[in-house]
Amino acid sequence: MRYMILIKATGDSEAGVMPTADAISKMVDYHEDLAKAGALVDANGLMATSHGWRQKFEGGKRVVTDGPFTESKELIAGYTIIEVATPDEALDWFKRFPNPYYGADGEIEMRRVFELDDLGDSEGVERFRKLEDQRNSGG
């Protein structure tokens, strides 16, 4: 089972304020523990929305908008993806996640990632399986 831990953006993260050395050290300690346990899949911070775009689909059309975006409470500043055997193990790792807000108040979220088996059988799922096999074999 894969889970994604989502770190919500703040005004500081959107302003490009970089984490302190202490915050980076605590975060790397946690991620090293995940890696040693074989549970770490991927983790990264995301640059501010001024370095991104949004795409809106409406009425059969798409509209692309340049960042930045104003509502930081609806934005993601980083993520960690873990792979574990049980929901309890995922929750245990989640509870150990260090405060990414440098001691200030904030909120993180964890959600389970869909696996292809969760989607049933279809031609599209089989095509995704083929892509996954190609990615995993390096070809």
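In what follows, the accompanying structure is described. (Residues numbered from 1 in each chain as written. Predicted model: local features only at pLDDT ≥ 70, side-chain atom pairs only at ≥ 80, totals over all residues. Heavy atoms only, no water.)

## Observations regarding the packing of aromatic side chains
So, point 1. Per the counting criterion, the structure on display carries two aromatic pairs.
So, point 2. Seen in terms of ring centroids, Y30 and W93 are 6.0 Å apart; in terms of plane orientation they differ by 75°. Their pairing is edge-to-face. With Y30 in helix 2 (residues 21-36) and W93 in helix 3 (residues 87-96), this pair connects stretches of sequence that are 63 residues apart. Taken as a pair, Y30 and W93 share a single burial class, namely buried.
So, point 3. Where Y30 meets F97, the ring centres are 5.0 Å apart and the plane angle is 65°; that geometry is what we call edge-to-face. Residue Y30 is found in helix 2, and its partner F97 is found in the loop between helix 3 and strand 6 (108-112); the two are separated by 67 residues along the sequence. (Phe/Tyr/Trp six-rings, centres within 6.5 Å; stacked < 30°, edge-to-face > 60°. Helix = DSSP H or I, 4+ residues; strand = E, 2+ residues; numbered from the N terminus. Buried < 20%, exposed > 50% of the residue type's maximum accessible area, 1.4 Å probe, protein only.)

## Here we look at the sheet that holds strand 2 (residues 40-45)
As a general point, the strands of a sheet are linked pairwise by backbone hydrogen bonds and lie either parallel or antiparallel.
So, point 1. Taking strand neighbours across the sheet as the criterion, the four strands line up as 2-5-1-6 in an open arrangement whose pairing is antiparallel. The outermost strands of the open sheet, each flanked by one partner alone, are strand 2 and strand 6. Geometrically, the sheet is characterised by an average inter-axis angle of 15° between neighbouring strands, direction not taken into account.
So, point 2. The sheet contact formed by strand 1 (residues 2-8) and strand 6 spans five bridges and is antiparallel. (Pairing = 2+ DSSP bridges. Axes fitted to C-alpha atoms, helices over the stretch in contact; angles between N-to-C directions.)

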